[in-house]
Amino acid sequence: MDSRIRPLSSSAVCLAVVLCIVTTGSLVESQTIETVPPKLYVKTLSKDVNLLCRSSKPATACSVKIPGFTGTYDVHNLPDGLGYYGNSLQRGDCGITFFTLKSVNEGKFQCNMTIGGEVFMETIEVVLTITPEPTDIEIGENAIVEQGAFAPNQTIRVKCTSRDAVPVANLTWLLDEKQIDGSMIGPLEFSDRVDKKGKNLTTVTQELNYFITSEDHGKKIICRAEHFAINKGYYRAFLPLNIRFSPERVPTIYIGDGEHTMVNITIRANPRPRTSWKVDGMTIIEGQSTGPYQAYYPRDMGFGNYLVLLRINERTEQTEIFELTATNELGSQVYVIKASKQGAEPEEIPPSPGRATTFWLISIWTYFCSVIVTCLLRVP
């Protein structure tokens, strides 16, 4: 048996060389190359759009395939409208700049970097953005609504939808301009559809469960869909909170002193209450005058606040008790107010049966000032 090593034939040597060349020159997808950005969402006709492949090692060459252009280009010999982007190949940077990115440039950008005699390939997907449709806001079916207004003290479900965007819009919930607590907000729900041009469009929906009270009257629940393709940065839809409620128990009370004393009470109600006063056995209906007393119509101050004024055209030395009744179609509230001359001993006022709220107010008649009293002494 011949144990000598036989030399390779010329055809075998040729085959080995060819295999070596093919292996060395093939494109290898490498995790050592970073793409900046990994995926680019961009508006059409954007200026100076940069795409970069970056390696931690020096590159000896780099070629690129560019969406909207045919063929492969050396990164230093690019067609018109493009320029090299990066520090240098020696520093591992291989990138391009679109001076103006057009719709035909949507697609995959590919860079082929030669590093240490091996060619590595990475891609960046360029996606043109699509502006979402104007934002929709809907109220859940279980909301209690009467005569076009919400009943207070209920949880309402509000759904916000931003349709057909690329990429998906970001939703934010506000009460007026204050962000709503995340515990009231449900998860995001997504759905996709393909349009006639083959673009994948995404719709996002989210629900809010918000407990409304009379304090929310006049405010707005706002859903804001933020998307960088929108010129002002976002679309928004809002739900005005029109809430019906009877006059509330605790008013804000001022007594102003001067040539003519004014009893000034701010009450909360919606719709507007009708008011009347009782003083010294006399009833003074809003908009009328009786004796020294003049009752004004409630003035709408916004957000369910109404200013109710009683003008006293003559000074009095004795303690006076004012009873204000405020009524709307939802209910009635009676406020009993005691005003005394400075230094007078307050007397006990028996509350009106059933529904009256009693307040102690000491008006300083001898000083030209206003006294704000917010202390509720007794609630029957």
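Thresholds applied
- Residues numbered from 1 in each chain as written.
- Predicted model: local features only at pLDDT ≥ 70, side-chain atom pairs only at ≥ 80, totals over all residues.
- Heavy atoms only, no water.
- Helix = DSSP H or I, 4+ residues; strand = E, 2+ residues; numbered from the N terminus.
- Buried < 20%, exposed > 50% of the residue type's maximum accessible area, 1.4 Å probe, protein only.
- Contact = heavy atoms within 4.5 Å.
- Areas by Shrake-Rupley, 256 points an atom, 1.4 Å probe, with all protein chains shown as cover.
- pLDDT = per-residue confidence, 0-100.
- Phe/Tyr/Trp six-rings, centres within 6.5 Å; stacked < 30°, edge-to-face > 60°.
- Lys NZ or Arg CZ within 6 Å of the ring centre and 35° of its normal.
- Pairing = 2+ DSSP bridges.
- Disulfide = S-S within 2.5 Å.
- Axes fitted to C-alpha atoms, helices over the stretch in contact; angles between N-to-C directions.
- Patch = residues over 30% accessible without salt bridge, like charges linked within 9 Å, V, L, I, M, F, W, Y side chains within 5 Å.
- Salt bridge = Lys/Arg side-chain N within 4 Å of Asp/Glu carboxyl O.

**Student:** Would you mind going over the overall build of the protein chain in detail, with residue names and values included?
**Tutor:** Each helix and strand in the protein chain was counted, giving one helix and 33 strands. Within the protein chain, the proportion of its 380 residues that are buried is 41%. Here the contacts in the protein chain between residues at least 6 apart in sequence split such that 60% fall between residues at least 24 apart. A total accessible area of about 21100 Å² is found for the protein chain, and carbon and sulfur atoms account for 52% of it.

**Student:** Help me get a handle on the confidence of the model for the protein chain, residues and values and all.
**Tutor:** Here the protein chain shows a mean pLDDT of 83. Residues at 70 or above account for 78%. For the stretch residues 1-26, pLDDT sits under 50, and the model shows six contacts to residues farther than four places along the chain or on other chains.

**Student:** So, the packing of aromatic side chains: which residues are in play, and what are the values?
**Tutor:** Taken as a whole, this structure holds one aromatic pair when the rule is applied. Geometrically, the ring pair formed by Phe-69 and Tyr-73 is edge-to-face, given 6.4 Å between the ring centres and 85 degrees between the ring planes. When the ring centre of Phe-238 is taken as origin, the NZ or CZ atom of Lys-220, which lies over that ring, is 5.9 Å away. We note Arg-224 situated over the ring of Tyr-234; from NZ or CZ to the ring centre the distance is 5.1 Å.

**Student:** Provide a residue-level description of unusual backbone geometry, including the pertinent values.
**Tutor:** With an omega dihedral of -10 degrees, the bond running from Val-166 to Pro-167 counts as a cis peptide bond. Summarising the element assignment, Pro-167 is placed in the loop between strand E14 (154-165) and strand E15 (170-175). Omega for the peptide link from Asn-270 to Pro-271 comes to 10 degrees, which places this bond in the cis form. Among the structural elements, Pro-271 can be located in the loop between strand E22 (261-268) and strand E23 (274-279). The phi torsion at Asn-153 lies on the positive side, around 60 degrees, for a residue other than glycine. Examined against the element boundaries, Asn-153 turns out to sit in the loop between strand E13 (149-150) and E14.

**Student:** Report on the pairing of strand E24 (residues 282-285), specifying residues and quantitative values.
**Tutor:** One ladder, built from four bridges, connects E23 with E24; its direction is antiparallel. Residue pairing across strands places Ser-276 opposite Ile-285, the latter belonging to E24. Between E23 and E24, which pair antiparallel in sequence order, lie two residues; one of them, Asp-280, sits at a positive phi of approximately 50 degrees.

**Student:** Tell me about the state of the cysteines, and name the residues and values.
**Tutor:** Taken as a whole and assessed by the stated rule, the structure comprises three disulfides. Covalently, Cys-53 is tied to Cys-111 through a disulfide, its sulfur atoms 1.9 Å apart. Between Cys-53 and Cys-111, the disulfide has an S-S torsion of -95 degrees and is therefore left-handed. With a gap of 58 residues between them, Cys-53 in strand E4 (residues 47-55) and Cys-111 in strand E9 (residues 107-115) connect regions that are remote in the sequence. Take Cys-111: its relative accessible area is 0%, and that puts it in the buried class. Covalently, Cys-62 is tied to Cys-94 through a disulfide, its sulfur atoms 1.7 Å apart. Given an S-S torsion of about -65 degrees, the disulfide between Cys-62 and Cys-94 has left-handed geometry. In this pair, Cys-62 sits in strand E5 (residues 61-65) while Cys-94 sits in strand E8 (residues 93-100), placing the two residues 32 residues apart along the sequence. Each of the two residues, Cys-62 as well as Cys-94, counts as buried.

**Student:** Hey, could you go over the sheet that holds E8 for me, with residue numbers and the actual values?
**Tutor:** Spatial ordering of the open sheet is given by E2-E4-E8-E7, a layout of four strands whose pairing is antiparallel. Where the open sheet ends on each side, the last strands, each with one partner, are strand E2 (33-36) and strand E7 (82-85). Along the sheet, successive strands turn relative to each other by an average axial angle of 20 degrees, direction set aside. When E2 meets E4, the two strands line up antiparallel, connected through four bridges. Each bridged residue has a counterpart across the sheet, and for Val-36 the counterpart in E4 is Leu-52.

**Student:** Pulling in residues and values, what's your account of the pairing of E4?
**Tutor:** Pairing of E4 with E8 involves seven bridges; the strand directions are antiparallel. Its bridge partner lying in E8, Val-49 is registered against Phe-98.

**Student:** Could you give an account of a nonpolar patch on the surface, naming the residues involved and the relevant values?
**Tutor:** A cluster of nonpolar side chains, Val-168, Leu-188 and Phe-190, forms an exposed patch at the surface whose accessible area comes to about 260 Å². Topologically, Val-168 is positioned in the loop between E14 and E15.

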